[in-house]
Every structure is written in structure tokens, then in C-alpha cells.
Amino acid sequence: MDAPRTRVVRRPVHGVLLIDKPLGITSNQALQKAKWLLRAEKAGHTGTLDPLASGVLPLCFGAATKFSQLQLEAAKTYEAVALLGVTTTTGDAEGEVLERRDVDPAQLTPERLAAVQQQFTGPIRQVPPMHSALKKDGKALYEYARAGIAVERAPRDVVIHALELALTHDSQAQPAIKMIVTCSKGTYIRTLGEDIGAALGCGAHLTFLRRTGTGGIGVERCITLQQLEALDEDARLACLEPPQALLADHVHVTLDSENAGRFLSGMRRRGPWPDAPAVAVFGDQPRALLGVGHIVGGELVPDRLLSPLEIQQILEGTPRPQASGILEKL
């Protein structure tokens, strides 16, 4: 008879874990693995990466989950490869082939690529793919797609902040386009690859996708799940960045003890501050993140606050592991 499995003892963990998500797993699977490794009570991710995509995936724990929406809104950078001459049902290598066309590399001149690059830079409109998690009548589009049903999708406005296209080849020496894209939220890189292939007159589908940055966070700051698992518990906790790691673009305001207490109670504070739409607010004794707000007309208005307990736990650090809380194998 197998020995009974000891239950994981969860604990309050606050911060941001920057994961380099591997291929083949969902963002939620990566989140649940990291949550288990840290024995965290509360966790959430900041926007999904497809199983066929790798790269930057910030995971939020405890108080940091209050700011995860900011990363959802942030611009993101991807590296991708689109194989030319082949279109698929999903816009990527997972789908069935719809059409094959001959590709003449001589037609893919630098001038033509530059023209297409300019065509897809700036504000553009995309029709969301059927194989996506967008919902229609309470049902994800991919569920309709799996049932062989195509539904009408309204085009969406997105922004391609920067785009670089270069001719390359896949492992079978077939012509492909390498793309480096910085884009707004809601952009489908699969759709961008398909649309670029259509503009080149030969069609295309994505064979490689890697997110290299989101909201100023680059992949060089990330750790893999395999590396995280190899560490002891103290070293894993040391990988966490503070919640304010998500607030790099915010103006910083520091309040004295009296005003910090009132701000934490949801009260507006007056000061000599210029208007600012996004403010990270700190207390000064001790220095601690209190929450975020905005400034209008010299008034600091609370938007999202940490609780006194969360602030105390962050200042004290995460509790030491309890002797009874050994990790169970996933």
C-alpha cells in the first residue's frame, strides 16, 4: 500500500516570477507548476502564451496579482517565423494544410519586403482567428472551429509599434519570413503572419513563436521552470521580484506616515504633484509599496491598494517552510 501523500502547506507569497515558458505547455500549467514549487496561496498570470509559443510569462503572486492587468495592457515583443507557400486551418503548424503555392524567392526582394513591412506597421485591423479563446455567445471560438463551424468575427483595431521582416529558410530550405514584432495587446501574431503571406501573394503559416519582451521585461531576466525546480526553497523565493516590478512605467510618489495611513484608507491626498495617469505610491517609514493611483489637479487618487496585512507580510518576508509541509510530487 502506498504511503499517504502529505498535503502541501500553502503560505502567503508576494511578488513577480519571470518565467521563460517552454513549448508544449499552457500558461496555466506553467502557473500551477510555479505555484506548487513556491507553495503559494494565490497566483495568476499576465496573459496567455499558446502551447506552441515560448518566452516571457510574468507570474504574479499574492499582492502582485492586483497589478497583473497592467501587463495585460502592455506592449509585447515577439520573434516569429512564417513558412511561405503553405496555409493551414489554424494559421500555425498545428493545423491541417489548406493550400500549397510555389514561392519564387527572386520575387521576395528587399524592396518588396520593405513595402510589406511598412504596410503592416502602425494601426492595422485584424480578423481574430477561429482558433482563439475569444468568445461568441459564451463559447470560445476554438470550440466552434473544432466542431467545423465558422462564425463571423468583427475586425479588431491593433497597433504594430515596430516590425522587421527578413527572408530566411526553414530546416528543409523552404523560404520563410523571420518577423520581429512589437505590438499592442490583442494582436494575433498568427494572423499577422497569414496576412503578410497573403500580401506577398503566396500565403504563410507560423512555425515558430517566441515572446521576448512584455511591458519592459525582457527574456534575459527570466528563469525556466526546470531551473526553478532545481533550486531549494529559499533560492526559489529569492527569484521573486517585488510587486513594483510591474510598475516600471509609473511615476513614484512617497508619502509620510500620516498621509500613507490615510491613503491606505482610500482617502485622496493633496500635494505639489503634476497630473499623472499612473502612480506607484510608497510609504516612507519603512519604505513600502502601498498601491497605485493617479494624480489630477494636485490630488492623489487611490486606484488599487494593498492591504495592511499584505504590506506587513512583504516587509517581513515570506514565512519559513513548516516542517510538516513537504512538497508532494505533481
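Asker: Go over the overall build of the chain, please, and point to the residues and values.
Answerer: When you go through the chain residue by residue, the secondary structure sums to nine helices and 18 strands. When the backbone C-alpha atoms are referred to their principal axes, the chain occupies close to 70 × 70 × 40 Å. The buried share of the chain, taken over its 330 residues, is 45%. Taking the contacts inside the chain whose residues are at least 6 apart along the sequence as the reference set, 70% of them involve residues at least 24 apart. Carbon together with sulfur atoms contributes 51% to the accessible area of the chain, which is approximately 17,000 Å² in total. Within the chain, the 37 negative side-chain charges are centred at a point lying 5 Å from the centre of the 36 positive side-chain charges.

Asker: Talk me through the environment of Gly271; I want residue IDs and the actual numbers.
Answerer: Here Gly271 shows up in the loop between β15 (269–270) and β16 (276–284). Residue Gly271 is classed as partly exposed on the basis of its relative accessible area, which comes to 23%. Each C-alpha atom of the pair Gly271 and Asp102 lies 66 Å from the other, and the pair is 169 residues apart in sequence.

Asker: Kindly report on the sheet that holds β15, identifying the contributing residues and their values.
Answerer: Within the open sheet, the five strands sit side by side as β14-β16-β17-β18-β15. Their pairing is mixed. Each edge of the open sheet is held by one strand with a lone partner, namely β14 (251–255) and β15. In the sheet, β15 pairs with strand β18 (residues 299–305) via two bridges, with the strands oriented antiparallel. In the strand pairing of β18, Arg269 is matched with Leu300. Against the sheet, helix α8 (residues 257–264) contacts β14, β15, β16, β17 (287–296) and β18, and its axis sits at roughly 55 degrees relative to β18.

Asker: An account of unusual backbone geometry is requested, with residue identities and associated values reported.
Answerer: Each neighbour pair has its own omega, and for Gln285 with Pro286 the value is -10 degrees, a cis peptide bond. Here Pro286 is to be found in the loop between β16 and β17. Phi at Ala173 takes a positive value of approximately 65 degrees, unusual for a residue other than glycine. Relative accessible area serves as the criterion here: at 53%, Ala173 is assigned to the exposed category.

Asker: Residues and numbers for the packing of aromatic side chains, please.
Answerer: Tallied over the entire structure, the rule returns zero aromatic pairs. One cation-aromatic arrangement involves Arg287 over Phe282; the distance from NZ or CZ to the ring centre is 4.1 Å.

Asker: Tell me about the confidence of the model for the chain, and name the residues and values.
Answerer: On average, residues of the chain carry a pLDDT of 89, and 90% of them reach 70 or more. Low pLDDT, under 50, characterises residues 318–330; the predicted model gives this stretch 36 contacts beyond four residues in sequence or across chains.

Asker: So what's going on with the environment of Glu79? Which residues, and what values?
Answerer: If you trace the backbone, Glu79 turns up in strand β4 (residues 76–84). Separated by 78 residues in sequence, Glu79 and Asp157 have C-alpha atoms that sit 21 Å apart.

Asker: Could you give an account of the side chain of Thr212, naming the residues involved and the relevant values?
Answerer: As for its position among the elements, Thr212 is in strand β12 (residues 204–214). Taking relative accessible area as the criterion, Thr212 reaches 19% and is therefore assigned buried. Look past the residues within four positions of Thr212 in its chain and what remains in contact with it is Val56, Thr77, Tyr78, Glu79, Ile217, Gly218 and Val219.

Asker: Quick rundown of helix α1 (residues 27–38)? Include the residues and the values.
Answerer: The end-to-end C-alpha distance of α1 is 17 Å, a good match for the 16 Å that 12 residues give at a rise of 1.5 Å each. With respect to burial, α1 is a largely interior element, nine of its 12 residues being buried. Looking only at α1, the buried set comprises Ser27, Ala30, Leu31, Lys33, Ala34, Lys35, Trp36, Leu37 and Leu38. On its buried face, α1 sits against β1 (15–21), β2 (43–45), β3 (54–61), α6 (225–229) and α7 (233–238). Positive phi shows up at Arg39, right after α1, with a value of about 55 degrees.

Asker: Would you mind going over the pairing of β4 in detail, with residue names and values included?
Answerer: Among the nine residues that make up β4, seven are buried, leaving the element largely enclosed by the rest of the structure. For β4 and strand β11 (residues 175–183), the ladder comprises eight bridges, and the chain directions are antiparallel. Along β11, the bridge assignment pairs Glu79 with Ile180. Pairing of β4 with β12, which is carried by nine bridges, proceeds in the antiparallel orientation. Its bridge partner being in β12, Thr77 is matched across the sheet by Gly213.

Asker: I'd like a description of the pattern of salt bridges, backed by residues and values.
Answerer: Under the defined criterion, the tally for this structure stands at 12 salt bridges. With a closest N to O distance of 3.7 Å, Glu233 and Arg11 form a salt bridge. Residue Glu233 is found in helix α7, and its partner Arg11 is found in the segment before β1; the two are separated by 222 residues along the sequence. The same class applies to Glu233 as to Arg11, namely buried.

What counts and how
Residues numbered from 1 in each chain as written. Predicted model: local features only at pLDDT ≥ 70, side-chain atom pairs only at ≥ 80, totals over all residues. Heavy atoms only, no water. Helix = DSSP H or I, 4+ residues; strand = E, 2+ residues; numbered from the N terminus. Buried < 20%, exposed > 50% of the residue type's maximum accessible area, 1.4 Å probe, protein only. Contact = heavy atoms within 4.5 Å. Areas by Shrake-Rupley, 256 points an atom, 1.4 Å probe, with all protein chains shown as cover. Lys, Arg positive; Asp, Glu negative; His and termini not counted. Charge placed at Lys NZ, Arg CZ, Asp CG, Glu CD. Pairing = 2+ DSSP bridges. Axes fitted to C-alpha atoms, helices over the stretch in contact; angles between N-to-C directions. Phe/Tyr/Trp six-rings, centres within 6.5 Å; stacked < 30°, edge-to-face > 60°. Lys NZ or Arg CZ within 6 Å of the ring centre and 35° of its normal. pLDDT = per-residue confidence, 0-100. Expected span 1.5 Å × (residues − 1). Salt bridge = Lys/Arg side-chain N within 4 Å of Asp/Glu carboxyl O.

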